[in-house]
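Breakdown of the fold
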Amino acid sequence: MTSKRTVMVLAAAALLVGTALGTTSSQNTARHRGRGQGLLQNAHAEVDGLALTPPMGWYPWNMFGEEPQNEALIMEIAGALVASGMKDAGYAYVGPDEGICFSRGKDGRLAPNLERYPSGLRGLGDHIHRRGLKYALYTDAGTKTCSGAMPGTKGYEFEDMRSFAEWRADYVKIDWCNSQGQDIVDAYSILGKAQRAAARPVVHSLCSWGEGYPWTWAGAIGHMWRTTADICGPGKADWARALRIAFANEKLAEFAAPGRWNDPDMMIVGMPGMTEAQNRSLFSLWCIMASPLIAGNDLRGMNASTAGILTNLEAIAVDQDPLGVQGRVVWNDGNVSLWAGKPLFDGSLAVLVLYQGRYRAEKKIYWEELGLEAADELYVRDLWKHETSGPHAGSITVSVGPDDVAFLRLSKKPDFPVPPIVVADTYLVSLRSTGTRPAKLFGTVTAANKGSADLPPWRVDPRSLPPWLSVEITGSGRTQTFVNTVSTAGLKKGAYHAVVRADNVEPVSGKRMTALYYDIDLEVPRTVKR
Ligand code: GLA
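Residues numbered from 1 in each chain as written. Predicted model: local features only at pLDDT ≥ 70, side-chain atom pairs only at ≥ 80, totals over all residues. Heavy atoms only, no water.

Further remarks concern unusual backbone geometry. Each neighbour pair has its own omega, and for Gly 390 with Pro 391 the value is 10°, a cis peptide bond. Here Pro 391 is to be found in strand S16 (residues 387–393). The phi torsion at Asn 178 lies on the positive side, around 50°, for a residue other than glycine. Within the secondary structure, Asn 178 sits in the loop between strand S6 (171–175) and helix H8 (184–198). Residue Asp 265 is not a glycine yet carries a positive backbone phi of 100°. Given the relative accessible area of 2%, Asp 265 is considered buried. (Helix = DSSP H or I, 4+ residues; strand = E, 2+ residues; numbered from the N terminus. Buried < 20%, exposed > 50% of the residue type's maximum accessible area, 1.4 Å probe, protein only.)

Printed below as a string of structure tokens:
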């Protein structure tokens, strides 16, 4: 650990302690309202349609730190995302974090570290896209990344965002190390402009550990922002620290909305040192807080309990709810806390009881403390036991073990639908023309909804496509296929590329869904006649 990293970690820890010791988020917010308010009205995601529900994926830092990150690890994890069922549960973004991926060449441009990433950073991205996953990369807004081993973007914002676009990144995490003397809003705003200039839709993940109160302004620039210090050091899960983070993050609930999320850091579910109850609790807390669900454990050979927790669609349904409301603590006696305030798309409510004491506890939840009528007759779904009971009038009592949770959904109806969780077979279509006679080439992308409802047909705006490409949607409801047709007539020799954007609406709430993007590559080895 370099001395710069120590300074950064201490600064971040001070922030966390500051929150815990009573510098409340509302005080912080009040001090920073003037600067942020205007910006908040223009959420960046309204334009690109990205991250309208919290991003889901995997990142290496919590488990691996810098050292073992390389292409083989990332490819193995991509395979494990598919094999474990996590991809089918909605996890998509994967890639190196501080993985010593690139250096800056004499020409000022980023050069991939081919020793660690022999396929190159574009090659790694193509591999990930072909598996139906999305590609995540990492950088820093200062002069260097936290380890000091990679260059930061300071002074090279536009060049670097172009490199990330050329490598086909879909998600870029931007850290805040080695940024002494920089104004945080200006620094991240330039990066936002640079990303837009690079013209690739990218989930922007700001990582200033809460410094600069990003929840008041970062929604105009990116899609998510870290609210606290790191949840753990590499390989060392820390349950007590994770809980402090959860309680700091919940205070910021009012700032979360579709396309702009509070990020309490990558998860520590399944890391050594965590019990099954703690894994379940951490996952449930992240879900009720509508947090990005970025797993941080080693997915290769994870046990069935961890895989079951990470892929519990009933819990993920709460996180991925289209209304995008962040739940918060509504009652807390120091041992037992009640988390609510999260209405869901079908009119149901998510409710969580966390128990931090030593023995089993019972908690009676009154409908009135959830803002409901005492006389309401409600069905209660236990999201871990997968059981529905009721209807119950007025209240329900739950029994919770140490470090565990009861995670519930309450509804006037006995069914508990899962909102859209869209999974594609690939995000890259590669086509190649042969000969010089005009021909039509086809390539498909199939998108399946793992949620309960049939979706309306996806919509692709034909005006957004290049003249050589047309897209038709076949199939209906849960599984739809994008048939991409390339007409080669008159194309000159060369490499062609298009990004296809598709939009849709969640049918129950009428809310816009996260836009679906994929890449099309067309290689024309010989000029084609008209
Ligand atoms: C910071 C971030 C971590 C991780 C490391 C990499 O500490 O908060 O999530 O990206 O940098 O050095």
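The next point concerns the environment of Pro 457. Here Pro 457 is to be found in the loop between strand S21 (440–449) and strand S22 (469–476). Residue class for Pro 457 comes out exposed when judged on its relative accessible area of 57%. Along the sequence, Pro 457 and Pro 417 sit 40 residues apart, while their C-alpha atoms lie 20 Å from each other. Each residue touching Pro 457, except ones within four places of it in the same chain, is listed here: Gln 480 and Asn 504. (Contact = heavy atoms within 4.5 Å.)

Further remarks concern the nonpolar core. One recurring pattern in soluble globular proteins is that nonpolar side chains are buried together. By size, the foremost hydrophobic cluster in this structure holds 114 residues, and its most contacted members are Tyr 91 and Phe 283. Among the elements that make up this core, the one with the highest residue count is H8 (seven residues). Not counting chain neighbours up to four residues away, the residues in contact with Phe 283 comprise Tyr 91, Met 267, Val 269, Leu 293, Ile 309, Leu 310, Ala 315, Ile 316 and Trp 384. Val 429, Leu 455, Leu 469 and Val 500 belong to the second-largest nonpolar core, a separate cluster that totals 28 residues. (Core = buried A, V, L, I, M, F, W, Y, C linked by side-chain atoms within 4.5 Å.)

For strand S12 (residues 336–343), a buried count of six out of eight residues is recorded, marking the element as mostly surrounded by other parts of the structure. Of the pairings in the sheet, the one linking strand S11 (residues 328–332) to S12 comprises four bridges and is antiparallel in character. Bridge pairing links Asn 332 to Ser 337 in S12. Joining the antiparallel neighbours S11 and S12 is a turn of three residues, in which Gly 334 adopts a positive phi near 95°. Alignment of S12 against strand S13 (residues 349–355), held across six bridges, turns out to be antiparallel. Of the residues in S13, the one forming a bridge with Pro 343 is Leu 349. As consecutive antiparallel partners, S12 and S13 are separated by five residues, and within that stretch Gly 347 has a phi angle of approximately 90°, a positive value. (Pairing = 2+ DSSP bridges.)

Turning to the packing of helix H5 (residues 71–83) against helix H6 (residues 120–130), a few remarks are in order. Their axes nearest at 10 Å, the elements H5 and H6 cross at an angle of 10°. Accordingly, the angle class assigned to the pair H5 and H6 is roughly parallel. Two secondary-structure elements touch here, H5 through Glu 71, Ile 74 and Met 75 and H6 through Gly 120, Leu 124, His 127 and Ile 128. Here the contact of H5 with H6 is built from residues that sort into four nonpolar, two polar and one charged. (Axes fitted to C-alpha atoms, helices over the stretch in contact; angles between N-to-C directions. Parallel < 35°, antiparallel > 145°, perpendicular 65-115°, else oblique. Nonpolar A, V, L, I, M, F, W, Y, C, P; charged D, E, K, R; others polar.)

Here we come to the sheet that holds strand S25 (residues 516–524). Within the open sheet, the three strands sit side by side as S20-S25-S24. Their pairing is mixed. At either margin of the open sheet sits one strand with a lone partner, and together these are strand S20 (428–432) and strand S24 (494–502). When strand polarity is set aside, the average angle formed by the axes of neighbouring strands in this sheet is 15°. Contacting S20 and S25, H6 crosses the sheet at an angle of about 105° to S20.

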